[in-house]
Each structure stands twice: as C-alpha cells, then as structure tokens.
Amino acid sequence: MMKYELKLYCETSRLSDLRNFLNKILQDTSLSEIEQHQVTLAVDEVCANLIIHSHGCNSNESIQISVEKEKGLLKIEITDSGDGFNITEYVEPEIAQVKKAKRKGGLGIILVKKIMDKIEFETSGLQNTCRLFKNLKSK
Amino acid sequence: MLKIETSKNSNYTTIKLIGEVDASNSVELDEAIVALVETDTKNILVDGSQLEYISSAGLGVFMSYIEDFNEKKIGLVIFGLNEKVFHVFQILGLDQLINIKSSKEDAVMEL
C-alpha cells in the first residue's frame, strides 16, 4: 500500500498545488485520464469549500490530505479542525434551482457526489475527517 | 494560472480562457463577462480551446448568467473545450443549459 500526504495552507491560490499533487499520484492508477481529472476536481471542490467556508481563507490554518492506493480502491482523506461541514448530510440544490437563483455556488458538492463512489464524514473531538473513495479497476 | 484575452469582432466578442479556472480566480472570469455586458455586447463567444481545468467556481459563473442572458437576449456560446473539461460540464448537465460547440465556426453559426 502506498500513502501520500500533503499539508495544504488555507489559501485558494494553493489549490493548484493540490491538483499537481493529485495528478502525479493518479497517473499511476488504472483510472482513465478523464477519471483522474474528475477525482482531482472532486478533491479540489472539497478543499476549496473548507478553505473558504470553514477557514475563511486564513493562511495560518491548514488542512491535511492523505491519499492511499489499496487493492482496487483509492482513498482520499481530508482532515481539518475547522467548523465541521458534513458533506454526507448536506442536501445539494437541483441544477435548475441554481440556475434560477443565479447562484454562483452550490455546484461543487453535486460534482463531488457524482464523481466519487463513496463519501464518509466523521468528527472526533475538534477533528473533522472527510473520506472520498474511488473504485479502481484491476489493471 | 488563468489568462483571459478579449477580442472584438463586428458582431461578437470572444473571451479566450487560457489555463485553469478555480476558486482562486473565478472572479476574473466574472469580471470579464460583466465588462462585456456593460458595454452592450450582444454575442459572447468563449474560446475554451486552451482551458485546461474548470472547477465549480468557474462553472457557477456561467450558470449565474444563463437567466439574465436569456432575458436580455445576449448570446453565449462556448467552443473548443477539450474532452476532460467538456466532461465536467456534462456531469452537471450544463451542456443542456449552455450552448457548447466544438469549433469556432460552429459557434459563430449559432449567433
């Protein structure tokens, strides 16, 4: 099993570092280029939400990302100690509603839920953990 | 990194997106569109041929103008998206809400 870790400071300008980190790891999986792109996007969406909404873009704060490739499964764990945001309980808006309300937000979590195969969230003490899973085909 | 180039033709204006649109810079895309609307542009082409990445922050910008543009009769056509980026529009069904064409020629014909 391989495990990769990244400490991401809470500035949106750091999201490109996150994507570079993920792209390199995902290259060595059985995921197609389109799927790799989508998984990177899903993690970007979760982290962007945390950076902006839970940490108010405070660059002194950070979130921790760890990626594990196990047999047939990619697991991405995002840990932070901000105000917990339970993605699994969040009811995302309908696309038509987003359009009508002329909202600029609300699409990110729809993407995450459509892209990932399984999502878990747990809070323990001050620590929140969001786990994103993607099934890997055997090579 | 995102670079936005705007060029005017007689009956349309093209916004070319070069690089990546994410939560750090989607406001730049928003500002570029607002600037065109303020100058009474009636047809906007978005050249996505060099757009490598777009997250929901950027998609949300396009979403937020669909209704206004319909009301104001402003045409918006996106063209040249690479396969990966086009798939992201598709996941959300935005390809059903926004006019997306493969080539500039096809996009211009929509105006």
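Residues numbered from 1 in each chain as written. Chains lettered and ligands numbered in written order. Predicted model: local features only at pLDDT ≥ 70, side-chain atom pairs only at ≥ 80, totals over all residues.

> Please provide a residue-by-residue account of the sheet that holds strand β2 (residues 62-70) of chain A, values included.
Residue and element names in this part refer to chain A. With antiparallel pairing, the 5 strands of this open sheet are ordered in space as β1-β2-β3-β5-β4. The sheet is open, and its two edges are formed by β1 (2-9) and β4 (118-124), each paired on a single side. In this sheet, adjacent strand axes meet at a mean angle of 15° when their direction is disregarded. Strand direction decides the pairing type here: β4 and strand β5 (residues 127-135), joined by 7 bridges, are antiparallel. Pairing of Thr123 across the sheet is with Asn128, part of β5. Packed onto the sheet, helix α1 (residues 15-27) meets β1 and β2 and runs at close to 170° relative to β1. (Pairing = 2+ DSSP bridges. Helix = DSSP H or I, 4+ residues; strand = E, 2+ residues; numbered from the N terminus. Axes fitted to C-alpha atoms, helices over the stretch in contact; angles between N-to-C directions. Contact = placed C-beta atoms within 7 Å.)

> Can you break down the packing of α1 of chain A against helix α2 (residues 33-54) of chain A residue by residue, with the values?
All names here are of chain A. Where α1 contacts α2, the two axes come as close as 9 Å, and the packing angle between them is 145°. Remark: the crossing between α1 and α2 carries right-handed chirality. Contacts from Leu15, Leu18, Arg19, Leu22, Asn23, Leu26 and Gln27 of α1 reach α2 at Gln36, Val39, Thr40, Val43, Asp44, Cys47 and Ala48. Taken together, the residues of the contact of α1 with α2 break down into 8 nonpolar, 4 polar and 2 charged. (Left-handed = near helix turned anticlockwise from the far one by under 90°. Nonpolar A, V, L, I, M, F, W, Y, C, P; charged D, E, K, R; others polar.)

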